[in-house]
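Survey of secondary and tertiary structure
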Amino acid sequence: MILKPYFNHIKSKNEFLTFAISKTLMDEVKKKRGIQSINIGFSILKVLMQSQYPLPLKEISELVELSPSKIHSYLVSFQEDEIVQQNPETGFYSLGTSC
(Lines give C-alpha, C1' and ligand atoms only; values in the text may rest on other atoms or scores of the structure.)
Protein backbone atom coordinates (compact mmCIF):
# COMPACT_ATOMS: atom_id res chain seq x y z
CA MET A 1 0.00 0.00 0.00
CA ILE A 2 1.44 3.38 -1.03
CA LEU A 3 0.14 5.29 2.03
CA LYS A 4 1.41 2.77 4.57
CA PRO A 5 4.54 4.80 5.52
CA TYR A 6 2.27 7.71 6.50
CA PHE A 7 0.31 5.52 8.92
CA ASN A 8 3.15 3.65 10.68
CA HIS A 9 2.41 5.46 13.95
CA ILE A 10 -1.23 4.25 13.94
CA LYS A 11 -1.54 1.02 15.95
CA SER A 12 -5.22 0.07 15.67
CA LYS A 13 -8.25 0.32 13.44
CA ASN A 14 -9.84 2.81 15.87
CA GLU A 15 -6.80 5.06 15.72
CA PHE A 16 -6.89 4.91 11.94
CA LEU A 17 -10.61 5.80 11.84
CA THR A 18 -10.09 8.67 14.27
CA PHE A 19 -7.20 9.93 12.14
CA ALA A 20 -9.18 9.60 8.90
CA ILE A 21 -12.25 11.36 10.30
CA SER A 22 -10.15 14.16 11.78
CA LYS A 23 -8.32 14.66 8.49
CA THR A 24 -11.60 14.70 6.55
CA LEU A 25 -13.11 17.27 8.90
CA MET A 26 -10.00 19.45 8.69
CA ASP A 27 -10.08 19.25 4.89
CA GLU A 28 -13.71 20.42 4.94
CA VAL A 29 -12.85 23.33 7.24
CA LYS A 30 -9.99 24.37 4.95
CA LYS A 31 -12.26 24.26 1.87
CA LYS A 32 -14.91 26.47 3.47
CA ARG A 33 -12.45 28.97 4.87
CA GLY A 34 -12.44 32.20 2.93
CA ILE A 35 -10.91 35.60 3.38
CA GLN A 36 -12.53 36.93 6.52
CA SER A 37 -12.13 40.62 5.65
CA ILE A 38 -14.00 40.12 2.37
CA ASN A 39 -16.79 38.31 4.19
CA ILE A 40 -17.05 41.15 6.72
CA GLY A 41 -17.03 43.80 4.00
CA PHE A 42 -19.84 42.10 2.10
CA SER A 43 -21.82 41.68 5.33
CA ILE A 44 -21.66 45.43 5.83
CA LEU A 45 -22.69 46.12 2.24
CA LYS A 46 -25.60 43.66 2.50
CA VAL A 47 -26.89 45.48 5.58
CA LEU A 48 -26.75 48.79 3.70
CA MET A 49 -28.37 47.26 0.60
CA GLN A 50 -31.28 45.87 2.61
CA SER A 51 -31.95 49.11 4.44
CA GLN A 52 -34.56 51.53 3.12
CA TYR A 53 -32.79 54.45 4.79
CA PRO A 54 -29.26 55.51 5.85
CA LEU A 55 -28.03 53.81 9.01
CA PRO A 56 -26.00 55.02 11.99
CA LEU A 57 -22.72 53.26 12.72
CA LYS A 58 -24.14 51.73 15.89
CA GLU A 59 -27.00 50.06 14.03
CA ILE A 60 -24.71 48.70 11.32
CA SER A 61 -22.45 47.37 14.05
CA GLU A 62 -25.34 45.62 15.80
CA LEU A 63 -26.64 44.08 12.58
CA VAL A 64 -23.22 42.80 11.50
CA GLU A 65 -22.37 41.81 15.09
CA LEU A 66 -18.96 43.50 15.15
CA SER A 67 -17.62 46.44 17.13
CA PRO A 68 -18.29 49.96 15.82
CA SER A 69 -14.54 50.63 15.53
CA LYS A 70 -14.05 47.62 13.25
CA ILE A 71 -17.08 48.53 11.13
CA HIS A 72 -15.86 52.14 10.90
CA SER A 73 -12.56 51.03 9.34
CA TYR A 74 -14.43 49.24 6.57
CA LEU A 75 -16.77 52.19 6.02
CA VAL A 76 -13.82 54.57 5.67
CA SER A 77 -12.28 52.31 3.00
CA PHE A 78 -15.61 51.98 1.19
CA GLN A 79 -16.05 55.76 1.21
CA GLU A 80 -12.70 56.24 -0.53
CA ASP A 81 -14.05 54.31 -3.51
CA GLU A 82 -17.54 55.83 -3.25
CA ILE A 83 -19.07 52.44 -2.46
CA VAL A 84 -20.50 53.93 0.74
CA GLN A 85 -21.38 57.52 1.52
CA GLN A 86 -21.87 59.28 4.82
CA ASN A 87 -24.48 61.98 5.29
CA PRO A 88 -22.54 65.01 6.58
CA GLU A 89 -25.51 66.21 8.65
CA THR A 90 -26.57 62.98 10.36
CA GLY A 91 -23.38 60.91 10.07
CA PHE A 92 -25.49 57.98 8.82
CA TYR A 93 -24.27 55.64 6.09
CA SER A 94 -25.82 54.43 2.84
CA LEU A 95 -24.61 52.93 -0.42
CA GLY A 96 -22.55 55.32 -2.50
CA THR A 97 -22.64 56.40 -6.11
CA SER A 98 -20.47 53.45 -7.24
CA CYS A 99 -23.15 50.95 -6.26
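Look above for the structure.
Residues numbered from 1 in each chain as written. Predicted model: local features only at pLDDT ≥ 70, side-chain atom pairs only at ≥ 80, totals over all residues. Heavy atoms only, no water.

Things to note about the overall build of the chain
Check the secondary structure of the chain and you find four helices and two strands. Element order for the chain, N to C, with α for helix and β for strand: α-α-α-α-β-β. Looking at the chain as a whole, 21% of its 99 residues qualify as buried. Carbon and sulfur atoms provide 57% of the accessible area of the chain, an area that totals close to 7,800 Å². (Helix = DSSP H or I, 4+ residues; strand = E, 2+ residues; numbered from the N terminus. Buried < 20%, exposed > 50% of the residue type's maximum accessible area, 1.4 Å probe, protein only. Areas by Shrake-Rupley, 256 points an atom, 1.4 Å probe, with all protein chains shown as cover.)

Details of the packing of helix 3 (residues 57-64) against helix 4 (residues 68-80)
At a closest axis distance of 9 Å, the pairing of helix 3 and helix 4 adopts a crossing angle of 105°. By the angle between their axes, helix 3 is roughly perpendicular relative to helix 4. Note on element contacts: helix 4 touches helix 3 through Pro-68, Ile-71, His-72 and Leu-75, opposite Leu-57, Ile-60, Ser-61 and Val-64. Within the contact of helix 3 with helix 4, the residues separate by chemical class into six nonpolar, two polar and no charged. (Axes fitted to C-alpha atoms, helices over the stretch in contact; angles between N-to-C directions. Parallel < 35°, antiparallel > 145°, perpendicular 65-115°, else oblique. Contact = heavy atoms within 4.5 Å. Nonpolar A, V, L, I, M, F, W, Y, C, P; charged D, E, K, R; others polar.)

Observations concerning the nonpolar core
With 14 residues, the main nonpolar core has Ile-44, Leu-48, Ile-60, Leu-75 and Val-84 as its most contacted residues. When contributions to this core are tallied by element, the ones reaching two or more residues are helix 2 (36-50), helix 3 and helix 4. With five residues, the single largest contributor to this core is helix 2. Contact partners of Ile-44, with chain neighbours within four places excluded, come to Ile-60, Val-64, Ile-71, Tyr-74, Leu-75 and Phe-78. (Core = buried A, V, L, I, M, F, W, Y, C linked by side-chain atoms within 4.5 Å.)

Quick notes on unusual backbone geometry
Trans peptide bonds make up most of the peptide bonds, and negative phi angles are found at most residues other than glycine. Although it is not a glycine, Glu-65 sits at a positive phi angle of roughly 65°. By the element assignment, Glu-65 lies in the loop between helix 3 and helix 4. With a relative accessible area of 69%, Glu-65 lands in the exposed category. One non-glycine residue, Glu-82, lies in positive phi territory at about 60°. Topologically, Glu-82 is positioned in the loop between helix 4 and strand 1 (84-86). When its relative accessible area of 46% is taken as the criterion, Glu-82 is described as partly exposed.

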